Structures are given as C-alpha cells and as structure tokens.
2 protein chains.
Amino acid sequence: RAMRAAATARAAMAALAVTALALAVAAWRRARPVREVLFFPSRPCCIEALLAEAAEPGAPARPCPCPLPSGDTALSRLVRHLLSARRSLDLCLFSFCCPQLGRAVQLLHRRGVRVRLVTDAQYMGLHGSQIGHLRRAGIQVRHDQHSGYMHHKFAIVDRRMLLTGSLNWTTQAIQTNRENVLVVEDADYVKAFQDEFERIWEEYNPANYRFF
Amino acid sequence: RAMRAAATARAAMAALAVTALALAVAAWRRARPVREVLFFPSRPCCIEALLAEAAEPGAPARPCPCPLPSGDTALSRLVRHLLSARRSLDLCLFSFCCPQLGRAVQLLHRRGVRVRLVTDAQYMGLHGSQIGHLRRAGIQVRHDQHSGYMHHKFAIVDRRMLLTGSLNWTTQAIQTNRENVLVVEDADYVKAFQDEFERIWEEYNPANYRFF
C-alpha cells in the first residue's frame, strides 16, 4: 500500500510539473512581444471567418460561399491584429477606402472598443472612402484643415501594439502595390506614435477650426 | 624611493582604469542600437555643414550664407543617418524629388558607397524627380514595369540600419506633411526589409523586362 501511495504521489507530481511547464510556455508566448513585417501585395483572401469569429466568439463557423481562399496572408494578419483590440484603437490614416478594413473597424466599435480616427481632409471625400460610413456608425473622426497632407498610416491597438508603414488602407494598395507594415509591440516606439496621435487629435479638434 | 614607485604604480593603475572605463562607455555607446522616430513636418534647416563635413571630414567649416538655422531637426537627423553609410545604401522609394537628399545620396556614391535605388515607374518621370540626376551620376536605378505602385519608402544603411515610414523623399512632404520615419537597428527587422529589397531588385532587373 505504501508503494502504491508513493507511485500515486509521483504521478501527481509529474502531472503538476507538466501543467506548470505548459502554463509557463503559454505565459511566455503571451508575453513575447509581436515583431513582424507584413509585405504587400497580399494574395486575395476571404476574411469572413475572421470577422464572424470576432463578432460572435465561439459561434459555429458558417462557410463563406465566396471562391477566395481563407489562408494566412498579409491582409488576414493585418485584420487579425486589429481585431485583437479590447479597449482602444487609434487610427491615423491618409486614405481609408478598403471595405473589409472598414467592416473590421465598425465591428470593434460595436464591440465597445474606443475607436478614434484621424484622416486627411483632401482624401476623405474621395469616391469609395470609408470615412462617411464610419462617421454614420458613430465613430469619432477628425481631420486636418490645411494644405499639407496628414500622410501617416498607422494604427495603435490597446496602446500596446503599433502597426505602421507605407500602406494606405485601400483595396488597390493591398492587392496591387509593393507595401510594408511593421507590427511592433515595443513600449518606446508605441509611446512615440501614441504621443503623436494625441498631439494631432487635439490639433484637429473641431473646436480649433478657423473659418476665414 | 619604494614609496614613490608604489605611488607612481597606483597613479598608472588609476589612469589605466579611467581609460578602460572611457573605452567601455564608448564601446557601449557604439553598440547601443539606434531606436528613433522622426516626425515631420521638419522645421526648415540648412544641411550644408553636414554635407561639407561628409565630403571632407575634418576640413575647416565654411559658414553657409543662407538664412536657415542649422540646428537639430527631423530632416538633419535623417541626413545624418544616411551619411553614416560606409559600404552600402539600398533605397526603395516611391518618389524621390528632394534635392537635398539627392545631394546626400550622390555624395555617398562619390565616396565609394554602393548605392542601389528602386523606384516607381509612374513617379520617376515627374517634374522635379531626382532619378535622372542620380542615373547620370552613375547610380544604379531599377523600377517596376507594371500598374501597381512600388510604394515602399525605406532605406537600409550598411545592411545594419533601417529607415522606413510614410515619408516620400520630397521637399513638400518634408516641409508640410505629417509624416513619420522609424529608425531601427534591429537584425530581424533589417533582414526582413533587406530580403524584400533583394527580391524587388532581382524582379526589376532590366534583363527581365517584357515588351508587348
């Protein structure tokens, strides 16, 4: 009986050790900052499954009837990083026309994420711009009021992850241009861009508009 | 005499320790990777002193008669990082019109730095483009041959330092737009962009052109 008790204790210790190891690995994975570069053009892909999962986590997947593959692409990775937002999404985008990215941002807004968007006054009115749709959905948008371009193209997720590069959020850029987006989870770089965002957000406050 | 010898030895040891410390600090400073974000618009500034120092290191500074200040600005920092190139400068630029940056690149080429430049076919012919000047100076330039834009805006110095962001190399962008350039000395990010550069450089090899 003593030997059996000892064997049981050993087995319990082993199970505990395995569990602890698994937890440690999971924690390390979570803690390891994302460091990634996305290059475009992206292969065409269907992101319906990503949007559906984000809208109703755990709901049974409905297959999308479209003929596009739903594999791992630069676009799907960009969408996945954006959809990881839980509290805030700060966007500074020269041009925002891509309907798929527009849907992702609206979904986050509906889920209670605080979305703020800064854009360029000359480009927000272009045919196909998402800005009107986003404003009608209740998302706060601010824009410049002068002749220089607000030419940034960056997003900050939960004040934690920075996505920045050459990519304007247009279907043409995503599907046909050579572009890059750095994904950086680094406190210093994120803070520099968050500070720039707050500066612009205040500068473009409509209360400061001047009418000549 | 023994005491004097001991005092001399102590003084020599102290001097040695101070020198070692100074060398260690200098090495640490050199080894510490550059991590910086430049935001634009940049205050106007004169970069003549920077160019002169790079052309003839150690030569007596001749004051520039222009009225611009020569302080520390986003543009002067960008130029300084570029001029730190000793062996190679790989450029992937959608639009390159800024004469000041053109002069910096030509200076590096004359100094024996291997400069390679990839640009966009539709934008290289615009009025004010530097591409013709650079080609006439003997710098290798390649461009795309299709409809999508080569929209990257990055530079890699000595396969060591990456400068990338939203900034096209035009005076208008530098002086009037809201723009960003990340400066990153990180082997993983640099490698991702260097690989992209080599891919594009091969793809745009004129030997691969097709004429329909």
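Labelled according to an unreviewed UniProt entry, chain A appears under the name Mitochondrial cardiolipin hydrolase, originating from Elachura formosa. For the record of chain A, the UniProt heading Subcellular location (unreviewed entry) holds the text "Mitochondrion outer membrane". If you open the UniProt record of chain A and go to Catalytic activity (unreviewed entry), you find "a cardiolipin + H2O = a 1,2-diacyl-sn-glycero-3-phospho-(1'-sn-glycerol) + a 1,2-diacyl-sn-glycero-3-phosphate + H(+)".

A. Quick look at the interface of chain B and chain A. Contacts between chain B and chain A engage 35 residues on the former and 35 residues on the latter. Roughly 2,900 Å² is buried in total at the junction of chain B and chain A, and carbon and sulfur atoms are behind 53% of that figure. Joining chain B to chain A, the criterion identifies eight salt bridges. In this structure, Arg35 of chain B and Asp188 of chain A form a salt bridge, with 3.1 Å as the shortest nitrogen-oxygen distance.

B. Geometry of helix H7 (residues 187-203) of chain B. All names here are of chain B. Taking 1.5 Å of rise per residue, 17 residues should cover 24 Å, and H7 covers 24 Å from first to last C-alpha, within 8% of that figure. The complete set of buried residues in H7 reads Tyr189, Val190, Phe193, Gln194, Glu196, Phe197, Ile200 and Trp201. Projected down its long axis, H7 carries its buried residues within an arc of 160 degrees, all on one side. Away from its buried face by more than 90 degrees, H7 exposes Ala187, Asp188 and Lys191. For H7, the side-chain oxygen to backbone nitrogen distance between the N-cap and Asp188 is 3.0 Å, and the N-cap itself is Asp186.

C. Molecular detail of the packing of helix H2 (residues 48-55) of chain B against helix H3 (residues 74-83) of chain B. Residue and element names in this part refer to chain B. With their axes 10 Å apart at the nearest point, H2 and H3 run at an angle of 10 degrees to one another. With respect to H3, the element H2 is oriented roughly parallel. Taken together, the residues of H3 that come into contact with H2 (itself represented by Leu50, Leu51 and Ala54) are Ser76, Val79, Arg80 and Leu83. Among the residues making up the contact of H2 with H3, the classes are represented as five nonpolar, one polar and one charged.

D. Representation of the UniProt feature "domain: PLD phosphodiesterase" (unreviewed entry) in chain A in the model. The UniProt entry lists residues 146-173 of chain A under the feature "domain: PLD phosphodiesterase" (unreviewed entry), expressed in the numbering used here. For residues 146-173 of chain A, the end-to-end C-alpha separation is 25 Å, with 11% helix and 36% strand making up the annotated structure.

E. Just the pattern of salt bridges, in detail. Residues and elements named next belong to chain A. This model, assessed by the stated rule, comprises 28 salt bridges over all chains. A salt bridge links Arg103 to Glu48; the shortest N-O distance between them is 2.8 Å. With Arg103 in helix H4 (residues 99-110) and Glu48 in helix H2 (residues 48-55), the pair connects residues that are 55 residues apart, well separated along the chain. Accessibility expressed as a relative area gives 41% for Arg103, which makes it partly exposed. By relative accessible area, which is 28% here, Glu48 ends up partly exposed. Between Arg159 and Glu198 there is a salt bridge, with its nearest N and O atoms 3.0 Å apart. One end of the pair, Arg159, is in the loop between strand E5 (153-157) and strand E6 (161-165); the other, Glu198, is in helix H7 (residues 187-203), and 39 residues separate them in sequence.

Cut-offs and rules
Residues numbered from 1 in each chain as written. Chains lettered and ligands numbered in written order. Predicted model: local features only at pLDDT ≥ 70, side-chain atom pairs only at ≥ 80, totals over all residues. Heavy atoms only, no water. UniProt positions renumbered as here; feature names shortened; annotations may be inferred. Contact = heavy atoms within 4.5 Å. Buried area = accessible area lost by both parts, 1.4 Å probe. Salt bridge = Lys/Arg side-chain N within 4 Å of Asp/Glu carboxyl O. Helix = DSSP H or I, 4+ residues; strand = E, 2+ residues; numbered from the N terminus. Expected span 1.5 Å × (residues − 1). Buried < 20%, exposed > 50% of the residue type's maximum accessible area, 1.4 Å probe, protein only. Arc of directions from axis to C-beta. Polar contact = N/O pair within 3.5 Å; in protein donor to acceptor, adjacent residues only side chain to side chain. Axes fitted to C-alpha atoms, helices over the stretch in contact; angles between N-to-C directions. Parallel < 35°, antiparallel > 145°, perpendicular 65-115°, else oblique. Nonpolar A, V, L, I, M, F, W, Y, C, P; charged D, E, K, R; others polar.

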